[in-house]
Amino acid sequence: MKGTLFENQIQEYGDIFQKDNVYQISNAPLEPVHPKYKDRDGDCSIRFGGQTMVQPIATEVTPNKVQYVPLASVSYESGPDDRYGLVLFISDIRTRITETGIEHSIRDISVIDHSTTVQMTISIWNDLTDIKDPKLLSWNTEPVIAAFLGLRVTTTRGFILSSSLSTTIDTNPTGEEFVAFHDWVMANFEELENKMTQLVDTKNPAAEKSILTIQQILDKKQEIHWVKVKIPEPDQARLISYEGCNKCGKRVDLPLNKSMTCPKCFKLDCTSVPRTTFKFDAVDETGELSLTTFAEDCEKLFKLPIIQIFEQTNIGTLDFGSISRDLSSNEFYVAVGPSYMLTKKQALSWVLKDVSWT
Ligand SMILES: [Zn+2]
């Protein structure tokens, strides 16, 4: 649970609270978190007021030792838990507006540790996106090892780690595991630096895309790369539109724009939204890749808003003929990366990360 001190409360209470100490707090009402600052269901916050009493409780309890979990161990059952890694990339702030009109700021941080060859994305939300830590700010000039405490897992578009209300980022973590991890980073630095450069190239849309062939990426078996492809035979039967949960993306049996408690992810305050998947085989001169696009990438591929793809598919007015001619005669770019996470038996499959016509 989170409490926020405002203005003169910072002086009044700020010096009392010390990390790892235990306090009894009385006369501090609990209230629901304001939707603007909310990033999960069922959160309350502590309101400090004039009547609030804070008393330290003397304890013999030694500080809780953080239990770090390797990045590769992400699963549906994960979280909230603590992870660390080398920061490979930090995105600019983007904003996301929820169905209820509330604006959130989000940054994606790509990190890697010794447990995986593929970086993981940690999305940090709202207050955390305003990075003040000088180490974190200079991630692209000095390697920075950061610990992320209190992360949760979201599964809307593959596995992503997200910040929660209690998440903190520590760029000066101490402990045996960090001595060992630092050694691992140094021992593999050249390879890690390459990953960093590639990520910057991939994620920076203004930068020149470095294009590989399908055969080259199949040989590489890692990283995210752009390939230039066509779809020789787009198949309308492989385009599916359905009503899905806005949080987990799974199909729900409800008309659009209905509020619901999702029967698939069990989250409260979900909405049924249009979802589409389109499966296709992309080719270049060297080979073929089977890929699936979801919502936003479908929009880019078809150059149509998802609501129109959804409605026109349902009433049968979608002009798939001209979409098909476009996809089969004009080359476009897809960013693809390996996915170890969603396949059984660790089989390597390729997932689409982005689509671009330019
Ligand atoms: Zn859901």
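These numbers come from a predicted model, not from an experiment.

Focus on the side chain of Arg 152
- Looking at the secondary structure, you find Arg 152 in strand β10 (residues 145-154).
- Classification of Arg 152 by relative accessible area gives buried; the value is 16%.
- Among the polar contacts listed, one links the side chain of Arg 152 to the backbone oxygen of Ser 163, at a separation of 2.8 Å.

Some thoughts on the sheet that holds strand β4 (residues 44-46)
- Taken together, the three strands give an open sheet; going across it, the order is β1-β4-β3, and neighbouring strands pair in mixed fashion. Each end of this open sheet is capped by a strand with a single partner; those strands are β1 (2-3) and β3 (30-32).
- As judged from the three bridges shared by β3 and β4, these two strands associate in the antiparallel manner. Looking at β4, one finds that Glu 31 is bridged to Ser 45.

Some words on the environment of Arg 94
- Relative to the elements of secondary structure, Arg 94 occurs in strand β7 (residues 94-97).
- Along the backbone, Arg 94 and Ile 106 are 12 residues apart, and their C-alpha atoms lie at a distance of 5.4 Å.
- Filtering out sequence-adjacent residues up to four positions away, Arg 94 remains in contact with His 104, Ser 105, Ile 106, Asp 108 and Ser 123.
- A polar contact of 3.0 Å, which involves the side chain of Arg 94, links it to the side chain of Asp 108.

Let's talk about the pairing of strand β8 (residues 103-112)
- For β8, the buried fraction is high: nine of the 10 residues fall into the buried class.
- Alignment of strand β6 (residues 81-90) against β8, held across four bridges, turns out to be antiparallel. Bridge pairing in β8 places Leu 86 opposite Ile 112.
- Relative to β8, β7 runs antiparallel, the two being bridged by four bridges. Along β8, the bridge assignment pairs Arg 94 with Ile 106.
- Count of turn residues in the β7/β8 antiparallel hairpin: five residues, of which Gly 101 carries a positive phi of about 85°.
- With six bridges connecting them, β8 and strand β9 (residues 120-125) associate as antiparallel partners. Note on β9: the bridge partner recorded for Arg 107 is Ile 124.

What about the packing of aromatic side chains?
- Taken as a whole and assessed by the stated rule, the structure comprises 11 aromatic pairs.
- Between Phe 302 and Phe 320, the ring centres sit 6.2 Å apart and the planes meet at 80°, which makes this aromatic pair edge-to-face. In this pair, Phe 302 sits in helix α6 (residues 295-302) while Phe 320 sits in helix α8 (residues 320-329), placing the two residues 18 residues apart along the sequence.
- On the basis of relative accessibility, which here comes to 7%, the residue Phe 320 falls in the buried class.
- In this structure an aromatic cluster arises from ring pairing among Tyr 68, Tyr 84, Phe 178, Phe 181 and Trp 184.

Remarks on the coordination of the zinc ion
- Within the protein, Cys 245 (SG), Cys 248 (SG), Cys 262 (SG) and Cys 265 (SG) serve as the donor atoms for the zinc ion, at 2.3 to 2.4 Å.
- Of note is the zinc ion, whose four donor atoms meet at the metal with angles of 104 to 120° in an arrangement that counts as tetrahedral.
- In the primary sequence, the donor residues of the zinc ion line up as C-x2-C-x13-C-x2-C.

Cut-offs used in this document
Residues numbered from 1 in each chain as written. Predicted model: local features only at pLDDT ≥ 70, side-chain atom pairs only at ≥ 80, totals over all residues. Heavy atoms only, no water. Helix = DSSP H or I, 4+ residues; strand = E, 2+ residues; numbered from the N terminus. Buried < 20%, exposed > 50% of the residue type's maximum accessible area, 1.4 Å probe, protein only. Polar contact = N/O pair within 3.5 Å; in protein donor to acceptor, adjacent residues only side chain to side chain. Pairing = 2+ DSSP bridges. Contact = heavy atoms within 4.5 Å. Phe/Tyr/Trp six-rings, centres within 6.5 Å; stacked < 30°, edge-to-face > 60°. Donors = N, O, S within 2.8 Å, 3.2 Å for Na, K, Ca; no water. Tetrahedral: all angles 85-135°; square planar, octahedral: opposite > 155°, others 65-115°.

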